[in-house]
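Structural overview
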Amino acid sequence: MAVKGERSRGTRRPTLEEVAARAGVGRGTVSRVINGSPRVSDATRAAVEAAVSELGYVPNTAARALAANRTNAIALVVPEPETRFFSEPYFSDMLSGVGAELSDTEMQLLLIFAGSDRERARLAQYLAAHRVDGVLLVSVHADDPLPDLVAQLEIPAVISGPRSAAETLPSVDSDNYGGARSAVEHLLGRGRRTIAHITGRLDVYGAQRRVDGYRQALLDAGRSADELLIEPGDFTEEGGRRAMSRLLERSPGLDAVFAGSDVMAAGARQVLREAGRRIPDDVALVGYDDSAIARHMDPPLTSVRQPIQEMGRAMIDLLLEEIADRRPAASRGPERLQLVLPTELVPRASS
């Protein structure tokens, strides 16, 4: 008489779904246990391991390691110049979250910059050789070819923020729309009447959504957005300075500024001070990210906190599931594709 383990080791290998059903958990939880994620309770881990043993399940990760020479490496790809990566707190916080989530697994993390055509070409060759098991794409612009390249190579990938509303790759983002709305609602609640917005790069979907949130908050207050009060920036301090200078030239009577990042808010503050505008007496200032820059500014900067480290952790969890599950991402339903984490307004003295 055959026991369960012997029967399931016969002509048909047990599936991930069968392990999940036996353990009474979701298939994503099984994937996390198999890939060594620490974000699983001891009781759940024990239940999954017992189901694996009873069914004689061979994890996809182990099978691919034998058949396809798995690398146990993940690439964190940043299509930006190195100077921007090391100057903006967003990237260091993201890297911290990613590293923390990988610390209890066997996966190695490779940091790869792809800010130039030459670097992108070199990366394409590297990925085509399947040197990594998965890819995290951070700070991707709408016209960047890297996500499509990764998809064509059928390498599991997760992107930090979709390129558009029609994104097909799995993504993790914060609520840019809601965060921007809360910033403008805060300024309106403080009695500010002429609220300007310094945007991020508008080929970044998250920056577009912040503009949408800015507009909607004004509409909800019975106002229409004045296009002269919206000035494109580029997420850099110099970009914040340039945008603030243009805004003061066009609308010298403005009494509030919502900047699409803390770094740009720092640049805007310099211009406002040089123009003799007191913060917050003459002009209230709000940033985005709630980075160390916000806490150390003078006066401390009101900012929208996005959970960047948590985003990095969630990206790793989702990528490990993608690595364990080789089905096309589009076949798993939209709820698996796009994860949006909440934001929070942190009021300080600048507003």
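Below or above, wherever it landed, is the structure these notes cover. All values reported here derive from a predicted model rather than from experimental measurement. (Residues numbered from 1 in each chain as written. Predicted model: local features only at pLDDT ≥ 70, side-chain atom pairs only at ≥ 80, totals over all residues. Heavy atoms only, no water.)

1. Digging into the overall build of the chain
Each helix and strand counted, the chain has 16 helices and twelve strands in total. Residue burial in the chain is summarised as follows: out of 351 residues, 53% are buried. Within the chain, counting contacts between residues at least 6 apart in sequence, those at least 24 apart form 73% of the total. With the model as given, the accessible surface of the chain reaches about 15,600 Å², and the carbon-plus-sulfur share is 50%. (Helix = DSSP H or I, 4+ residues; strand = E, 2+ residues; numbered from the N terminus. Buried < 20%, exposed > 50% of the residue type's maximum accessible area, 1.4 Å probe, protein only. Contact = heavy atoms within 4.5 Å. Areas by Shrake-Rupley, 256 points an atom, 1.4 Å probe, with all protein chains shown as cover.)

2. Here we look at empty space enclosed by the protein
Summary: where empty space remains is shown by rolling a probe the size of a single water molecule over the atoms. This structure, assessed with the given rule, holds one cavity of 30 Å³ or more. As a volume, the largest cavity reaches approximately 360 Å³. Around the largest cavity sit 25 residues that line it, and Tyr 90, Val 204, Arg 210, Phe 235 and Gln 306 are the ones nearest its centre. Counting residues per element, the ones that place at least two in the lining of the largest cavity are helix 7 (89–102) and helix 11 (205–220). Looking at the lining of the largest cavity element by element, the count peaks at four residues for helix 11. (1 Å grid on protein atoms, 1.4 Å probe; cavity = no way out; pocket = protein on both sides within 12 Å on 5 of 7 lines; lining within 4 Å. Points joined across faces, edges and corners; volume = space filled by probe spheres on them.)

3. Topic: the nonpolar core
Ranked by size, the top nonpolar core spans 43 residues in total, and within it Ile 198, Tyr 214, Met 244, Leu 254 and Phe 258 carry the most contacts. Elements with a contribution of two residues or more to this core: helix 10 (176–189), strand 6 (195–199), helix 11, helix 12 (237–250), strand 8 (256–259), helix 13 (262–274) and strand 9 (284–289). With near-sequence residues (within four places) excluded, Met 244 lies in contact with Ile 198, Leu 254, Val 257, Ala 268, Val 271 and Leu 272. (Core = buried A, V, L, I, M, F, W, Y, C linked by side-chain atoms within 4.5 Å.)

4. Overview of the sheet that holds strand 12 (residues 344–346)
Spatial ordering of the open sheet is given by 7-6-8-9-10-12, a layout of six strands whose pairing is mixed. Two strands in the sheet have a free side with no partner beyond their single neighbour: strand 7 (230–232) and strand 12. This sheet shows a mean twist of 20° between the axes of neighbouring strands, independent of strand direction. Here four bridges tie strand 9 to strand 10 (residues 302–305), and the two strands are oriented parallel to one another. (Pairing = 2+ DSSP bridges. Axes fitted to C-alpha atoms, helices over the stretch in contact; angles between N-to-C directions.)

5. Considerations on the side chain of His 186
Inspection of the secondary structure assignment puts His 186 in helix 10. Classification of His 186 by relative accessible area gives buried; the value is 11%. Dropping the residues within four chain positions of it, His 186 is found in contact with Val 286, Thr 302, Leu 345, Pro 347 and Ser 351.

6. Re the pairing of strand 1 (residues 73–78)
Extensive coverage of strand 1 is indicated by the burial of six of its six residues. The two faces of strand 1 match: Ala 73, Ala 75 and Val 77 on one face and Ile 74, Leu 76 and Val 78 on the other face are all buried. Taken together, the six bridges between strand 1 and strand 2 (residues 108–113) define a ladder with parallel strand orientation. Within strand 2, the residue paired with Leu 76 across the bridge is Leu 111. Here strand 1 runs beside strand 3 (residues 134–138); their pairing, made up of four bridges, is parallel. Along strand 3, the bridge assignment pairs Ile 74 with Gly 134.

7. Overview of the environment of Asp 281
Considering the arrangement of structural elements, one finds Asp 281 in the loop between helix 13 and strand 9. Note on Asp 281: relative accessible area 53%, which makes it exposed. Remark: the alpha-carbon pair of Asp 281 and Asp 255, spanning 26 residues in sequence, is separated by 8.7 Å.

8. Focus on the packing of aromatic side chains
Considering all chains together, one arrives at six aromatic pairs under this definition. Ring geometry for Phe 85 and Phe 113: centres 5.2 Å apart, planes at 80°, overall edge-to-face. Placement of the pair is Phe 85 in helix 6 (residues 82–87) and Phe 113 in strand 2, with a sequence separation of 28 residues. Here Phe 113 falls in the buried class, since its relative accessible area comes to 13%. The structure contains a cluster of three or more aromatic residues connected by ring pairs, namely Phe 85, Phe 86, Tyr 90, Phe 91 and Phe 113. (Phe/Tyr/Trp six-rings, centres within 6.5 Å; stacked < 30°, edge-to-face > 60°.)

9. Examining the pattern of salt bridges
As enumerated under the stated definition, the model contains 23 salt bridges in all. Where Asp 203 meets Arg 201, a salt bridge forms, and the shortest distance between an N and an O atom there is 2.8 Å. Judged by relative accessible area, which is 21%, Asp 203 ranks as partly exposed. On the accessibility criterion, Arg 201 (32% relative accessible area) is partly exposed. Taken together, the shared-partner salt bridges in this structure form one network comprising Asp 234, Glu 237, Glu 238, Arg 241 and Arg 242. (Salt bridge = Lys/Arg side-chain N within 4 Å of Asp/Glu carboxyl O.)

10. Quick look at unusual backbone geometry
Of the consecutive residues Ile 279 and Pro 280, the connecting peptide bond is found in the cis state with omega at 5°. Relative to the helices and strands, Pro 280 is located in the loop between helix 13 and strand 9. The residue after Asp 298, namely Pro 299, is reached through a cis peptide bond having omega -5°. For Pro 299, the location among the structural elements is in the loop between helix 14 (292–296) and strand 10.

These values are about where atoms sit, not about what they do.
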